[in-house]
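Topology and contacts: notes
Listed here are the chains, written in short residue letters.
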Amino acid sequence: MEIWKIQYYNIPMKSVHVFLNSVLLGVIFIGCVSCQVSIPSKQDGFWYPNGIAKRESILIEAFLDPVCPDSRDSWPPLKLALRHYGSRVSLVVHPFPLPYHDNAFISSRALHIINKLNTSATYKLLESFFHQQDKFYGKATFNLSKASVVDEIAKFTSNAIGNSNYAAVKAGFTDPKTDQATRISFKYGCVKGVYGTPFFFVNGFPLPDAGSSLDYKAWRNVLDPLFSPAGQINN
């Protein structure tokens, strides 16, 4: 779409960007569903905190990009909500590397590598990426080769989890299984219709305003009606 036409019709640029991003992810989604997608041997995602969904709990699925500012901003209020509801709510996070975010795939792959080495460190690494996104976004890596970026993220990853297991982390980036796991995360998001981050599902149903962070009040407004006064999940 030509810029002069956008200005003429006075369409906000943010709306244009959302539309173009939706078109891009839509094309990718069509490509994913039109080809044969192999079923993975285990479910995608990282359970928080290192658990599994309880049968009677409400399930939140969060699709997050480690270098996405909106994903970063959505994390603290979601953690507050999880703390409030306790075992009544379960969370699984799926890394969803957006193709227009610098180093999103590499940082998402780092999460899979750490999850394979030490599941208790996965969320610590995710939060480290959120706190220091400026290291891997925009001008910070513009003049670096892919190999250099991988090396920097491997160093960052080993430091973030509090040990010196750099060699194992770096080796993870040459392991085809971690590459495949990261691809599966992206394909799973496409199959679910995810087109931006953060993107949330509650009990399998998508929440509105995808791509925008939810504050604590918004989470309470979503989740409170799902519980009866006695604290039981409504059917």
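Residues numbered from 1 in each chain as written. Predicted model: local features only at pLDDT ≥ 70, side-chain atom pairs only at ≥ 80, totals over all residues. Heavy atoms only, no water.

One can describe the packing of helix 5 (residues 122-131) onto helix 6 (residues 146-160) by two numbers: an axis separation of 9 Å at closest approach and a directional angle of 120°. The orientation of helix 5 relative to helix 6 falls into the category oblique. For the crossing formed where helix 5 meets helix 6, the hand is right-handed. On the side of helix 5, the interface is formed by Lys124, Leu125, Ser128 and Phe129, while helix 6 contributes Ile153, Phe156, Thr157 and Ala160. (Axes fitted to C-alpha atoms, helices over the stretch in contact; angles between N-to-C directions. Helix = DSSP H or I, 4+ residues; strand = E, 2+ residues; numbered from the N terminus. Parallel < 35°, antiparallel > 145°, perpendicular 65-115°, else oblique. Left-handed = near helix turned anticlockwise from the far one by under 90°. Contact = heavy atoms within 4.5 Å.)

A few words on the packing of aromatic side chains. Taken as a whole and assessed by the stated rule, the structure comprises 14 aromatic pairs. Judged by centre distance (5.9 Å) and plane angle (25°), the rings of Phe63 and Tyr188 are stacked. Linking Phe63 in strand 2 (residues 58-64) with Tyr188 in helix 8 (residues 176-191), this pair joins segments that are 125 residues apart in sequence. Among the residues examined, Phe63 registers a relative accessible area of 0% and is labelled buried. By the ring-pair criterion, three or more aromatic residues cluster together here, those being Phe63, Phe96, Phe186, Tyr188, Tyr195, Phe199 and Phe201. Note that Arg88 overlies the ring of Phe227, its terminal NZ or CZ placed 4.6 Å from the centroid. Above the plane of the ring of Phe201 lies Lys192, whose end atom (NZ or CZ) is 4.3 Å from the centre. (Phe/Tyr/Trp six-rings, centres within 6.5 Å; stacked < 30°, edge-to-face > 60°. Buried < 20%, exposed > 50% of the residue type's maximum accessible area, 1.4 Å probe, protein only. Lys NZ or Arg CZ within 6 Å of the ring centre and 35° of its normal.)

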